[in-house]
Amino acid sequence: YLSNTSTLSTKMAKSFPEEVLEHVFSFITSDSDRNAVSLVCKSWYEIERWCRKRVFVGNCYAVSPRILTRRFPEVRSVEIKGKPHFADFNLVPEGWGGCVYPWISAMAGAYPWLEEIRLKRMVVSDEALELISTSFCNFKVLVLSSCEGFSTDGLASIAANCRELRVLDLRESEVDDLSGHWLSHFPDTWTSLVSLNIACLGSEVSFSALERLVARSPNLRTLRLNRAVSLEKLHNLLCRAPQLVEFGTGAYSSELRPDVFSNLAGAFSGCKQLKGLSGFWDVVPAYLPAIYLTCSGLTSLNLSYATIQSPDLVKLVSQCHNLQRLWVLDYIEDIGLDALAASCKHLQELRVFPSDPYVVDPNVSLTERGLVAVSEGCPKLQSVLYFCRQMSNAALVAIARNRPNLVCFRLCIIEPRAPDYLTLEPLDAGFGAIVEHCKELRRLSLSGLLTDRVFEYIGTRGRKLEMLSIAFAGESDLGLHHVLSGCESLRKLEIRDCPFGDKALLANAAKLETMRSLWMSSCSVSFGACKLLGQKLPRLNVEVIDERGSPDSRPESCPVEKLYIYRTVAGPRVDMPPFVWTIDEDAALRV
Amino acid sequence: MSMPFEEHDYIGLSETPAMENSEKLASKGLNLKATELRLGLPGSESPERGNGLGVLKGFISGAKRGFSDTINGDSGKWVFTGNGGSDVDLGKNGALFSPRSVNGSGSEGTSLKEVVPPSPKAVHEKKPQISAVNGHGVAPAAKAQVVGWPPIRSFRKNSMAVNPPKSDEDAKLGSGCLYVKVSMDGAPYLRKVDLKTYSSYMELSSALEKMFSCFTIGQCGAHGVPLRDGMSESRLMDLLHGSEYVLTYEDKDDDWMLVGDVPWEFKATWDIVCDYSSCLQAYKLDLHKSTVISGLHVWFLQPLEPWRRAETASSATV
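Residues numbered from 1 in each chain as written. Chains lettered and ligands numbered in written order. Predicted model: local features only at pLDDT ≥ 70, side-chain atom pairs only at ≥ 80, totals over all residues. Heavy atoms only, no water.

1. Section: the overall build of chain A
Right, on to step 1. For chain A, the count of helices and strands is 20 helices and 24 strands.
Right, on to step 2. When each of the 591 residues of chain A is scored for burial, the buried share is 60%.
Right, on to step 3. As presented, chain A carries roughly 22400 Å² of accessible surface, and 52% of it is formed by carbon and sulfur atoms. (Helix = DSSP H or I, 4+ residues; strand = E, 2+ residues; numbered from the N terminus. Buried < 20%, exposed > 50% of the residue type's maximum accessible area, 1.4 Å probe, protein only. Areas by Shrake-Rupley, 256 points an atom, 1.4 Å probe, with all protein chains shown as cover.)

Have a look at this one:
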């Protein structure tokens, strides 16, 4: 009987018609599940690849456009990420790479029915945008997150040619803002807009064009305006779009005029479905009450550009009983976070940004106490980003014990290597408690004074940790070794200004093939070690990023400025700029 | 445009302290071919640990760079206490520069009020006890500003720079600009300069000289604007060429400070002049009335008081 089961299962696999399997697979949407399905057997691999509609490429250099289009011929939706995360903080030199054009070009030929493109940290040229607009007749969704390299001319192409466009989301991209005319290129017959986010644009778009656009878009759910849209005009838009779910204001300031206020308040109260608000640049506090009527329905509030003080913030936030996500400046202070903890019992995500990150002395009264209060009062809190100027092990331990359900914990103590301000000890114990109690922790960013010990805790207890960010921490290679030899789930590791060198890296070289990427800058990894890694591990690209000239011109023991290692099936890059070097299998230095 | 933070590393530290360490490590003969990792007890990895932060301290305590180095003493226009008096003494009060009085003797009470934390990154000067912590030897950050730290996206930085909390519509906005008004007594209008486009006091003084020279050689007539009452053309010329003008500014404590005491690279100078959170926050002082008028720090070219004139004559200008 036992020897028959294997033949039985093979028969079963073969006997299921492909259509049935395809239908079953269509319910499997998660990428990792899809990947697992494709590994079962050859026929499943074939069926799965023909019916995969959505692909996520976490690193644009891990795979080539050709490999993608050859394996998955029927893709409708693509998401691609380019530069490493530290590019957000200017650590990746200009011109490093991440150009999307080759992808668009390949997909233009292979996927004429492509509907969605989502890009993050990629260089997108106007030519790429124009190619998108003319290649995909059914194109619906364009999301450009932290991208750069394009101008409003490129947007004009998209506006003019994409008749089926539903989503245009430019979140935090750097756009060469030539003029606001591009918006007028949307044809009057186009009525399918669902989501528009132009918050990152500087120049003014034609307001009448915007008004007409909103008026003819009955499906509009998300509208995020840019700063240039004045407050007096908001009610025009809101009245025309009472079905809005997410709204981002422009500059929220105006002379105090009762008619403006009452128009605005009326318009807001008309939006009964409103769940998310953002924008709020240049806030005049007197106008805040205009949104009070929406507060009880709000689940998401982004006040991270709102330079209003704690009392106004408290008045606002304590009315938002259903709030799940709050982004705010440290003007909220400890006292405001106490109020938050008391009022917002459904809070899941909190981000507190620094209003004045470059001065030494605190300009506001925001300390570790605020975060502890929120961790106590908000049982569903799972994601934290917190900038502050002092922290203690006791506070971190309290947070860890209060919130074992934390999934993302990013703490930035503004001064590098700042110790526990009470005991002057390193913060090893505090972060150790975080990884010990928060067993579901997937993302962690460290700061403050840390020895190698914290990495021992992280390595052994951070079993589900997928992304780890380290800065100005550790004492020796032992620290890095703890992380690389532990952390079973680690995918992304980014390190800056730590005394980590060759030994840990070389001893754990195999680990690098199980991760998406490793970034190290201002550390002590020698060029010789990079060469060794590049030679021994052909499935990795070992990129040395060094603006001081060829590493061959210096001794091999000389540390490299920056190092970016990632696994790839696409081989070495062909588009490297002059300051990036990789090493061939024959140890030849390739530029 | 030059980036003063990276080029003028007056403390002498390289941009990446960690690299200095590793060069030292390399010179101790770490063999790259020996890839085995010794996993001894923490602390047994002595080379890295010992050098980790101690090296940095060594660099900092060795940095003594008087302001005199930054100023070319040839220009008779500049008055400052000549010698490099900015002793770096981390041990005592942790300040990277000690406050000096104008006449150099240290007896002047006014300047001692202002012990300003030098740079955003050199925070430990204010907490001297930290340097003795547990032997971990916290190294005061060497640079005025570290690239990419704190980790804030450019989009956010630019947005905040354009809209500081209490905004003043007058001054030009944008991250990377530090505009201040400069007024010369007797000149019919003020000028604005972006301090960040200059990399030394000399450059600034030349630029200001050019800007205000028109008022001294009768060109005000060309603008059609008369000089202020009580200030004749020749008097201005005398003042300018007679080296009796000094550049002063008013700091947070409302003290009149002589420009040039603090090394140019110390961006903290601009903290004093302009609240760092916005280049727009400051107080403008009208020399004639000595009252606060409105929101901008102003640098004034003002005539020397008699007691200072005597000082100039006797002290060395290098």
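2. Regarding the nonpolar core
Right, on to step 1. Residues Tyr252, Leu326, Phe409, Leu444 and Leu493 of chain A are the most contacted members of the largest nonpolar core, which totals 200 residues.
Right, on to step 2. Residues in contact with Leu444 of chain A, not counting those within four places in the same chain, are Phe409, Phe431, Ile434, Val435, Ile458, Leu465, Met467, Leu468 and Ser469 of chain A. (Core = buried A, V, L, I, M, F, W, Y, C linked by side-chain atoms within 4.5 Å. Contact = heavy atoms within 4.5 Å.)

3. Comments concerning the pattern of salt bridges
Right, on to step 1. In the structure shown here, the tally under the stated rule is 31 salt bridges over all chains.
Right, on to step 2. Note that Arg171 of chain A is salt-bridged to Asp169 of chain A, the shortest N-O span being 2.9 Å.
Right, on to step 3. For Arg171 of chain A, a relative accessible area of 41% corresponds to the partly exposed category.
Right, on to step 4. Asp169 of chain A sits in the buried class, given a relative accessible area of 8%.
Right, on to step 5. Linked through salt bridges whose partners overlap, the residues forming this network are Asp88, Arg121 and Glu172 of chain A together with Arg153 of chain B. (Salt bridge = Lys/Arg side-chain N within 4 Å of Asp/Glu carboxyl O.)

4. Overview of a nonpolar patch on the surface
Right, on to step 1. Side chains of Phe16, Val20 and Val24 of chain A sit close together on the surface and give an oily, nonpolar patch of about 230 Å² of accessible area.
Right, on to step 2. Along the chain, Val20 of chain A turns up in helix H2 (residues 18-25). (Patch = residues over 30% accessible without salt bridge, like charges linked within 9 Å, V, L, I, M, F, W, Y side chains within 5 Å.)

5. What about unusual backbone geometry?
Right, on to step 1. For the bond from Trp149 of chain B to Pro150 of chain B, the omega torsion is -5°, close enough to zero to count as cis.
Right, on to step 2. Along the chain, Pro150 of chain B falls in the loop between helix H3 (46-61) and helix H4 (154-162).
Right, on to step 3. Despite not being glycine, Arg121 of chain A shows a phi value in the positive range, around 50°.
Right, on to step 4. Relative to the elements of secondary structure, Arg121 of chain A occurs in the loop between strand S3 (116-120) and helix H7 (126-135).
Right, on to step 5. With phi around 50°, Asp282 of chain A is a residue other than glycine that occupies positive phi space.
Right, on to step 6. Tracing the backbone shows Asp282 of chain A in the loop between strand S11 (276-278) and strand S12 (300-303).

6. So, the pairing of S3 of chain A
All names here are of chain A.
Right, on to step 1. Going residue by residue along S3, you find Ile117 and Leu119 tucked away on one face and Glu116, Arg118 and Lys120 left uncovered on the opposite face.
Right, on to step 2. Pairing of strand S2 (residues 77-81) with S3 involves five bridges; the strand directions are parallel. Its bridge partner being in S3, Glu79 is matched across the sheet by Arg118.
Right, on to step 3. Bridge count between S3 and strand S4 (residues 141-145): five bridges; the pairing is parallel. (Pairing = 2+ DSSP bridges.)

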